Amino acid sequence: MKALFKKIKKQWQLQAIALFGMTVLFLFSYLPLFEIIIAFKDYSINMGLEGIFTSNWVGLKWFKEFFGFYRFGEILKNTLILSILKLLFTFPAPILLALLLNEM
C-alpha cells in the first residue's frame, strides 16, 4: 500500500492529467444523461432544479402527444431532409480540402 502511494506521488502530473480527463468526460457525457428523466415527468422550467425530483411521473405521455401531433409527419420530413442535405453538403468539403492540400 505504501509503495502504491509512493508511485502515485511520483507520477502526480500524470494523475492530474488523468483526473482532468475523467472530470471532462463526466461533465459532458454522463451528467447530461441525468436530465433525460425530465422527458418522463410533468416538469416545468419554472420548477427549477428541485422540480426534477418533485414533479409527477407521467411515463410516455409527452411522447404519445408528440407522435400524435397533426404536424408530426411534416416535422419528421423536414428533419430528414435537412439532415440529408447537411450530410451531402458538409461531408465532402473536408475531403475536397484534404485532396486540394495534398496536390499543393
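Up top is the structure these notes are about.
Residues numbered from 1 in each chain as written. Predicted model: local features only at pLDDT ≥ 70, side-chain atom pairs only at ≥ 80, totals over all residues. Heavy atoms only, no water.

Novice: Help me understand the pattern of salt bridges, please; the structure alone is not making it clear to me.
Specialist: Side-chain pairs of opposite charge can arise whenever the charged atoms involved come near each other. Across all of its chains, the model carries 1 salt bridge by this definition. We note a salt bridge from arginine 71 to glutamate 74, for which the minimum N-O separation is 3.1 Å. The class for arginine 71 is partly exposed, based on a relative accessible area of 37%. Here glutamate 74 falls in the partly exposed class, since its relative accessible area comes to 39%. (Salt bridge = Lys/Arg side-chain N within 4 Å of Asp/Glu carboxyl O. Buried < 20%, exposed > 50% of the residue type's maximum accessible area, 1.4 Å probe, protein only.)

Novice: Just to check I follow, could you spell out the packing of aromatic side chains for this structure?
Specialist: Think of a pair of aromatic rings as described by two things: how far the centres are apart, and how the planes are tilted against each other in angle. Applying the stated criterion across every chain yields a total of 6 aromatic pairs. Judged by centre distance (6.0 Å) and plane angle (15 degrees), the ring pair of phenylalanine 40 and tryptophan 57 falls under stacked. Residue phenylalanine 40 is found in the loop between helix 2 (12-34) and helix 3 (50-54), and its partner tryptophan 57 is found in the loop between helix 3 and helix 4 (61-67); the two are separated by 17 residues along the sequence. With a relative accessible area of 23%, phenylalanine 40 lands in the partly exposed category. On the basis of relative accessibility, which here comes to 53%, the residue tryptophan 57 falls in the exposed class. (Phe/Tyr/Trp six-rings, centres within 6.5 Å; stacked < 30°, edge-to-face > 60°. Helix = DSSP H or I, 4+ residues; strand = E, 2+ residues; numbered from the N terminus.)

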